[in-house]
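# Examining the three-dimensional arrangement
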Amino acid sequence: MFDVRPDDERAVALARDLRIIEALLFTAAAPIDSAAIAARLPEKTDIGALMDLLTADYARRGVNLVRVAGGWMLRTAPDLAAVVSQGAVETRKLSRAAVEVLAIIAYHQPVTRAEIEDIRGVSTSKGTLDVLLESGWVRLRGRRKAPGRPVTYGTTPAFLVHFGLDALQDLPGLDELRGAGLLDGRIPAGFSIPLPSDDSTLRDDEEPLEKEPLDLALAPLLDYAERDEEEE
């Protein structure tokens, strides 16, 4: 990273700390947070300053250091994505219906299937929700304290990692969506985009599930898209 004189104790200590962080990043299977890094370094180490140094250094490399899901991880530089993906196994894309449902869950969570259908204006098949659950991007949060006790849905840390988000608050707002051409200029007066929350604590109108769902955070998307094609 940089040359260090052996008699410069501060520089030697800095280089050692940076090497430890690099090793942690290379061996981590998921984003690693400040607490996990601090546990391996001397007390009162300025983790933020070290991460800024590494981020700047990796910015010019083929691998970048990025902040996602409340932690840090190494990812392929965006301009090299096409190069490294050559010859890779092609995954199935989500259907339009699944993308719509995923967006609703991300912005409106915790949300039930009936609430998703009310927002979309059309029915939502169980297959669509199964696809999103098996992708690891959506999870079962709890049950709504309402007749029938419907299940509530929310996103997972895997969703943040895949879309390169540090927190749900980083999702585009109304102005960004309009600027990207995803909303036309004739949206109704008073239309707004809700501010999503990363709080995993059950709300006052939710209660726990009877049993914890299976952890499918790393499940692949390879063969699921056909399950919700009937909504296309």
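Now for a description of the structure that goes with this document. (Residues numbered from 1 in each chain as written. Predicted model: local features only at pLDDT ≥ 70, side-chain atom pairs only at ≥ 80, totals over all residues. Heavy atoms only, no water.)

### Focus: helix H5 (residues 96-108)
This is how the line gets drawn: For helices the rule is a DSSP run of H or I covering at least 4 residues; for strands it is a run of E covering at least 2, with both sets numbered from the N terminus onward. Residue count minus one, scaled by 1.5 Å, sets the expected span of a helix. Residue burial is assigned from relative accessible area. The probe radius is 1.4 Å, only protein chains are included, and a residue is buried under 20% of its type maximum, exposed over 50%, and partly exposed in between.
Helix length check: H5, at 13 residues, gives a terminal C-alpha distance of 18 Å against a target of 18 Å (1.5 Å per residue), a fit within 8%. The complete set of buried residues in H5 reads Ala97, Ala98, Val101, Leu102, Ile104, Ile105, Ala106 and Tyr107.

### Remarks on the sheet that holds strand E4 (residues 138-144)
Using the following cut-off: For two strands to be treated as a pair, DSSP must find no fewer than two bridges joining them.
The strand order across the open sheet formed by 4 strands is E3-E5-E4-E6, and the pairing between neighbours is antiparallel. Each end of this open sheet is capped by a strand with a single partner; those strands are strand E3 (111-112) and strand E6 (206-207). As defined by bridge partners, E4 adjoins strand E5 (residues 151-155) across 5 bridges and the pair is classed as antiparallel. Paired with Val138 across the bridge in E5 is Thr155.

### What about the nonpolar core?
Our working definition: The nonpolar core is taken to be a set of buried Ala, Val, Leu, Ile, Met, Phe, Trp, Tyr and Cys residues, with the residues joined through side-chain atoms within 4.5 Å. Whether two residues are in contact is decided by their heavy atoms: any pair within 4.5 Å suffices.
Formed by 23 residues in total, the largest nonpolar core has its most connected members in Ile105, Ile116, Leu132, Val138, Tyr153, Phe159 and Leu171. Sorting the residues of this core by element identifies H5, helix H7 (126-135), E5 and helix H8 (157-162) as the ones contributing at least two each. Among the elements that line this core, the one with the most residues is H5, at 7 residues. The contact partners of Leu171, leaving out residues within four places of it in the chain, are Ala106, Tyr107, Phe159, Leu165, Glu176 and Pro196. Counting residues in hydrophobic clusters, the runner-up holds 15 residues, among them Ile47, Met51, Tyr58 and Leu65.

### Remarks on the packing of aromatic side chains
Given two aromatic rings, their pairing is described by the distance between the two centres and the angle made by the two planes. Inclusion rule: Two rings from Phe, Tyr or Trp (for Trp, the six-membered ring) form a pair when their centres sit within 6.5 Å of each other. Planes less than 30 degrees apart are called stacked, planes more than 60 degrees apart edge-to-face, and all others tilted. Placement of a charge over a ring requires the Lys NZ or Arg CZ to be within 6 Å of the ring centre, with the centre-to-atom vector within 35 degrees of the ring normal.
Within the structure shown, the criterion is met by 2 aromatic pairs. The interplanar angle of 50 degrees and the centroid separation of 5.0 Å between the aromatic rings of Phe159 and Phe163 together place this pair among those described as tilted. The exposure class assigned to Phe159 is buried, which follows from its relative accessible area of 4%. By way of ring pairs, the aromatic residues Trp137, Phe159 and Phe163 are connected into one cluster. Lying over the aromatic face of Tyr58, Arg61 brings its terminal NZ or CZ to 4.4 Å of the ring centre.

### Regarding helix H3 (residues 47-58)
To keep things clear, this is the line we draw: Read the arc as the range of directions from the helix axis to the C-beta atoms. Identification of polar contacts relies on pairs of N or O atoms within 3.5 Å, with a donor-acceptor requirement for protein atoms, meaning one able to donate a hydrogen and the other able to accept it, and with residues adjacent in sequence counted only if both atoms are side-chain atoms.
An ideal rise of 1.5 Å per residue puts 16 Å on 12 residues; H3 measures up with 16 Å between its terminal C-alpha atoms. Listing the buried residues of H3 in full gives Ile47, Leu50, Met51, Leu54, Asp57 and Tyr58. Down the axis of H3, the sector holding all buried residues measures 125 degrees, keeping them to one side. Every exposed residue of H3 that faces more than 90 degrees away from the buried side is listed here: Asp52 and Ala56. At the N-terminal boundary of H3, the capping side chain belongs to Asp46, with an oxygen 3.3 Å from the backbone nitrogen of Gly48.

### Some remarks on the packing of helix H1 (residues 9-27) against H3
For the record, the criterion: Angles here are taken between N-to-C directions and fall from 0 to 180 degrees, while the axes themselves are lines fitted to C-alpha atoms, restricted in helices to the stretch in contact. Angle categories: roughly parallel below 35 degrees, roughly antiparallel above 145, roughly perpendicular from 65 to 115, and oblique for all the rest. The classification used treats Ala, Val, Leu, Ile, Met, Phe, Trp, Tyr, Cys and Pro as nonpolar, Asp, Glu, Lys and Arg as charged, and all other residues, Gly among them, as polar.
At a minimum axis separation of 10 Å, H1 and H3 run at an interaxial angle of 70 degrees. What the angle tells us is that H1 and H3 run roughly perpendicular. The segment H1 lies against H3, with Leu14, Asp17, Leu18, Ile21, Glu22, Leu25 and Phe26 engaging Leu50, Met51, Leu53, Leu54 and Tyr58. Class assignment of the residues belonging to the contact of H1 with H3 gives a composition of 10 nonpolar, no polar and 2 charged.

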